[in-house]
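As a plain string of letters, each chain reads:
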Amino acid sequence: MWKYYPELLERPVPRYTSYPTAADFNADIGSRQLEQALADVRLCDEISLYAHIPYCDQICWYCGCNTGRANRTHRLTAYLQALFAEIDLVASRLNQRGRVKRIAFGGGSPNALSASDFKALMSHLQTDFRVDDAVLSIELDPRSYSAEWRDMMAEVTMDNVSLGIQSFDPSVQAAIGRVQPLDMVTDMVVHLRGQGVTSLNFDLMYGLPGQTIDILKATLEQTVRLLPERIALFGYAHIPSLIPRQRQIDDSNLPDARQRFDMAAFGHDFLTQAGYQPVGFDHFALLSDPLGQASAQDVVRRNFQGFTDDQSRILIGMGASAISEFPNLIVQNEKNTGRYRGILEKGKLPAVLGIERSSSNQRHGAIIEQILSNGLADLSPLGGAAAHATSLVPYINRGLVEITDEQIKLHESAKPYARSIAATFDEFRGQTVGTFSQAV
Ligand code: SF4
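Residues numbered from 1 in each chain as written. Predicted model: local features only at pLDDT ≥ 70, side-chain atom pairs only at ≥ 80, totals over all residues. Heavy atoms only, no water.

Chemist: Go over empty space enclosed by the protein with me, naming the residues and quoting the values.
Modeler: For the coordinates displayed, the defined rule picks out 1 cavity of 30 Å³ or more. The volume enclosed by the largest cavity comes to roughly 40 Å³. Its residues placed into classes, the lining of the largest cavity shows 5 nonpolar, 3 polar and 3 charged. (1 Å grid on protein atoms, 1.4 Å probe; cavity = no way out; pocket = protein on both sides within 12 Å on 5 of 7 lines; lining within 4 Å. Points joined across faces, edges and corners; volume = space filled by probe spheres on them. Nonpolar A, V, L, I, M, F, W, Y, C, P; charged D, E, K, R; others polar.)

Written out as structure tokens, the structure reads:
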């Protein structure tokens, strides 16, 4: 069981799905730098593609994603036209250089699109890029898994399918504006298994309104019965000042900091005892799954999609708000779908924010990523452990962290503090608080 040290969790810290984080992007970096990064891709480079669909049939009250209601067909059609234009632009800059080894579809909910539109998107990507036996991943909303999507999933072979679940408890579902009965999820899981999906992920949450350890336990028991290969157990971040749709949530019965910690600890113990391998600080995977194997071998990576076994150093995100990552550059597309379409109508790449990663940023970023993903990092590129001993004292004294001359090693009990420990290597944060979420 993890030990609770509230003083180590006081400071809000980034989730570090990139380093530098999105809070450090600036508007001087955008399409010009992206053009250059695409021009620098070599024939043999491995590339991962991500396509963002910022629409959902129903909007959940807790959701912090860049997504809106998919209630008008012409809106989706116009978005898809712009997305196709972006795909064409990016592909023309690559001119068949780079081998696409992964394609991920996220959002929002890709199944807010009609199945025929989604198939058109898939074939557009496969025609434009040099796709080389790519791993295909998709996020699906069980509430929108229509008959036409079922038929389509029988035609395409998705390797990874991720389902938004959050909680199986009906009262918690009602409190967060996401009602999806257990039967609906069970039926979908059976169907996906029948289509040959061998890597299924469930997104779950703790810290939800009215949720208790017993309620979380019942959801975890149900989850384990359905046996997804991967589970993500996120802490709900309630920040209605930044995410207006969260104002629909009654925050009078949200678990407090201690209860949140206990839920995270309970989830970790429950899932590891059920045979799941912990991955990073909030993911779990069976050892039969590539992510579980990557964790066992300490080669997990972290990118905008969370913890991953993807080893590619080039991730090209397309769609409104999508982020692209290269070793020396991160850029983000225009978030507003209207402005995103407008930029593409002028024939320009829609990257409008970003940051060039200096060699120092890359060294710090590699250590932050290793700490979060594998609990282990070589500190020699940053002058060895002695150079960081002072900032690590609170963690060393509590037996959470061990340092040798060159290496930092986090014990299993350090998982809830991993983001805080990683933040000590963040050149941008210093002691500033910013607008980040609680570490647990
Ligand atoms: S389905 Fe997913 S992306 Fe859409 S609103 Fe709900 S949580 Fe957000």
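We are not done yet, so read on.
Chemist: Could you give an account of helix H4 (residues 147–155), with specific residues and numbers?
Modeler: For H4, every residue scored as buried is listed here: Trp149, Met152 and Met153. Relative to the axis of H4, the buried residues are bounded by an arc of 100° and lie together on one face. Across from the buried face of H4, at angles greater than 90 degrees, the exposed residues are Ala147, Asp151 and Glu155. Check the buried side of H4 and you find it contacts helix H3 (115–128), strand E5 (131–140), strand E6 (160–166) and helix H6 (182–194). (Buried < 20%, exposed > 50% of the residue type's maximum accessible area, 1.4 Å probe, protein only. Helix = DSSP H or I, 4+ residues; strand = E, 2+ residues; numbered from the N terminus. Arc of directions from axis to C-beta. Contact = heavy atoms within 4.5 Å.)

Chemist: Give me the sheet that holds strand E18 (residues 401–403): which residues, what numbers.
Modeler: Pairing in this open sheet of 3 strands is antiparallel, and the strands run E17-E19-E18 from one edge to the other. Two strands bound the open sheet, and with one partner strand each, they are strand E17 (376–378) and E18. Averaged over all pairs of adjacent strands, the angle between their axes in this sheet comes to 10°, without regard to strand direction. With 3 bridges joining them, E18 and strand E19 (residues 407–410) adopt antiparallel strand pairing. In the strand pairing of E19, Val401 is matched with Leu410. (Pairing = 2+ DSSP bridges. Axes fitted to C-alpha atoms, helices over the stretch in contact; angles between N-to-C directions.)

Chemist: Help me get a handle on the packing of aromatic side chains, residues and values and all.
Modeler: As enumerated under the stated definition, the model contains 13 aromatic pairs in all. Considering the side-chain rings of Trp2 and Phe261, the 6.2 Å spacing of their centres and the 65° angle between planes classify their relative orientation as edge-to-face. On the criterion of sequence distance, the pair formed by Trp2 in the segment before helix H1 (31–39) and Phe261 in helix H8 (residues 257–273) is long-range, its members being 259 residues apart. Here Arg302 stacks its cationic end above the ring of Phe307, 4.3 Å away from the centre of that ring. Here the basic side chain of Arg398 rests over the ring of Tyr5, its NZ or CZ set 5.4 Å away from the ring centre. (Phe/Tyr/Trp six-rings, centres within 6.5 Å; stacked < 30°, edge-to-face > 60°. Lys NZ or Arg CZ within 6 Å of the ring centre and 35° of its normal.)

Chemist: How would you summarise unusual backbone geometry if you had to cite specific residues and measurements?
Modeler: With an omega of -10°, the peptide bond between Tyr19 and Pro20 qualifies as cis. For Pro20, the location among the structural elements is in the segment before H1. Residue Gly107 is joined to Gly108 through a cis peptide bond whose omega torsion reads 25°. For Gly108, the location among the structural elements is in the loop between strand E4 (99–107) and H3. Even without being glycine, Gln96 reaches a positive phi, approximately 70°. Relative to the helices and strands, Gln96 resides in the loop between helix H2 (73–94) and E4. Taking relative accessible area as the criterion, Gln96 reaches 38% and is therefore assigned partly exposed.

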